[in-house]
Amino acid sequence: MAYSDKVVNRFKDVLNDPKAHGVGRFDPNDPNVATGMTGAPSCGDVMKLDLKINPETDVIEDVKFKTYGCGSAIASSTMFVEMLKGITTEEAQLIRDKDIANALELPPIKIHCSVLAEESIKEAIENWDEKKATRQLNS
Ligand code: FES
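The rules we used
- Position numbers for residues count from 1 along each chain, tracking the sequence in the order it is written.
- This being a predicted model, a pLDDT of at least 70 is required before a residue's local features are given, and a value of 80 or more before pairs of side-chain atoms are given or counted; all residues contribute to the totals for chains, interfaces and linings.
- By convention in this description, side-chain values take in all heavy atoms of the structure and omit both hydrogens and water.
- Two strands pair under a simple rule: DSSP has to find at least two bridges between them.
- Numbering goes from the N terminus for both helices and strands, where a helix is a DSSP run of H or I of at least four residues and a strand is a run of E of at least two.
- In this analysis an axis means a line fitted to C-alpha atoms, helices contributing only their contacting stretch, and an angle means the value between N-to-C directions, from 0 to 180 degrees.
- The labels follow the angle: roughly parallel below 35 degrees, roughly antiparallel above 145, roughly perpendicular from 65 to 115, and oblique for the rest.
- Two residues form a contact once any of their heavy atoms are found within 4.5 Å.
- The nonpolar class holds Ala, Val, Leu, Ile, Met, Phe, Trp, Tyr, Cys and Pro. Asp, Glu, Lys and Arg form the charged class, and all remaining residues, Gly among them, are polar.
- Any pair of nitrogen or oxygen atoms within 3.5 Å is treated as a polar contact; in protein, a donor-acceptor pairing is required on top of that, and neighbouring residues in sequence qualify only through side-chain atoms on both sides.
- Throughout, nonpolar core names a set of buried Ala, Val, Leu, Ile, Met, Phe, Trp, Tyr and Cys residues whose side chains join them through atoms within 4.5 Å.
- The classification of residues rests on relative accessible area computed with a 1.4 Å probe and restricted to protein chains. Under 20% of the type maximum is buried, over 50% is exposed, and intermediate values are partly exposed.
- Ring geometry is summarised as follows: Phe, Tyr and Trp rings, the Trp one being its six-membered ring, pair when their centres sit within 6.5 Å, and such pairs are stacked at plane angles under 30 degrees, edge-to-face over 60 and tilted between the two.

K.L.:
Tell me about the pairing of strand 1 (residues 33-39), and please be specific about residues and values.
P.N.:
The two faces of a sheet get side chains in turn, since along a regular strand they alternate between them. Direction of pairing for strand 1 relative to strand 2 (residues 46-53): antiparallel, over a ladder of seven bridges. Bridge assignment links Ala34 to a residue of strand 2, and that residue is Leu51. Turn length for the strand 1-strand 2 hairpin, with the two strands adjacent in sequence and antiparallel, is six residues, and the turn residue Gly44 shows positive phi of about 85°.

Structure (structure tokens):
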């Protein structure tokens, strides 16, 4: 199995400058932060995604991730950092694993790495919806 140049280059870029590519986390107590974490049972890898969201507009203003996994999972994480910044949570729900897999030219055996990314996005948006519902109940 050969990784595409896109995967290899992204992986190298993250290793060289993790912060510039969104590696990290936001303050978990920040009310405008939503988190999604998923694991892939087939390989044991884990992806954690933090979204900083404008509560008035639902626009995703910033994105951070921590991924313990293969090169495809790291590359998929940097891809969702780019895809998610500046769009609304509603638009983010439309991102599918195949969008990430196609953009990175992932080989079929590595498709589950991009599925992990899609699931992390979904989890984070669910977390945001829960936070919003709690806020509305308390207001
Ligand atoms: Fe586990 Fe890629 S091999 S996420």
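K.L.:
Could you give me a rundown of the packing of helix 2 (residues 71-84) against helix 4 (residues 97-104), with the residues and numbers involved?
P.N.:
Here helix 2 crosses helix 4 at 110°, and the two axes come no closer than 10 Å. With respect to each other, helix 2 and helix 4 are oriented roughly perpendicular. Seen from helix 2, the contacting residues are Ala75, Ser76, Met79, Phe80 and Met83; seen from helix 4, they are Asp99, Ile100, Ala103 and Leu104. Taken together, the residues of the contact of helix 2 with helix 4 sort by class into seven nonpolar, one polar and one charged.

K.L.:
Describe the sheet that holds strand 1, with residues and values.
P.N.:
Taken in spatial order, the three strands of this open sheet run 1-2-3, and their pairing is antiparallel. Whereas interior strands pair on both sides, the edge strands pair on one side only; in this sheet they are strand 1 and strand 3 (60-68). Taking the axes of each pair of neighbouring strands and ignoring which way they run, one obtains an average angle of 15° across the sheet. Bridge count for strand 2 against strand 3 is eight bridges, and the pairing is antiparallel.

K.L.:
I'd like a rundown of the side chain of Thr67, residues and numbers included.
P.N.:
Secondary-structure assignment places Thr67 in strand 3. Looking at Thr67, its side chain comes within polar contact range of the side chain of Ser77, at 2.7 Å. Excluding residues that lie within four positions of it along the chain, Thr67 makes contacts with Val46, Met47, Ala73, Ile74 and Ser77.

K.L.:
An account of the nonpolar core is requested, with residue identities and associated values reported.
P.N.:
In terms of nonpolar packing, the biggest core is built from 31 residues, with Leu49, Leu51, Ile60, Val63, Phe80, Leu84 and Ile121 touching the most fellow members. Secondary-structure elements contributing two or more residues to this core are strand 2, strand 3, helix 2, helix 4 and helix 5 (111-138). Counting residues per element, this core draws most heavily on helix 5, at seven residues.

K.L.:
Give me the lowdown on unusual backbone geometry, citing residues and values where you can.
P.N.:
Phi is positive for Asp58, close to 65°, though the residue is something other than glycine. Structurally, the position occupied by Asp58 is in the loop between strand 2 and strand 3.

K.L.:
I'd love a proper account of the packing of aromatic side chains, names of residues and values included.
P.N.:
Summed over all chains, the structure comprises one aromatic pair. When the centroid spacing of 6.3 Å and the interplanar angle of 90° are considered together, the rings of Phe65 and Phe80 count as edge-to-face. Pair noted here: Phe65 is in strand 3 and Phe80 is in helix 2, with a separation of 15 residues, a long-range link. Accessibility assignment for this pair places Phe65 and Phe80 in one class, buried.

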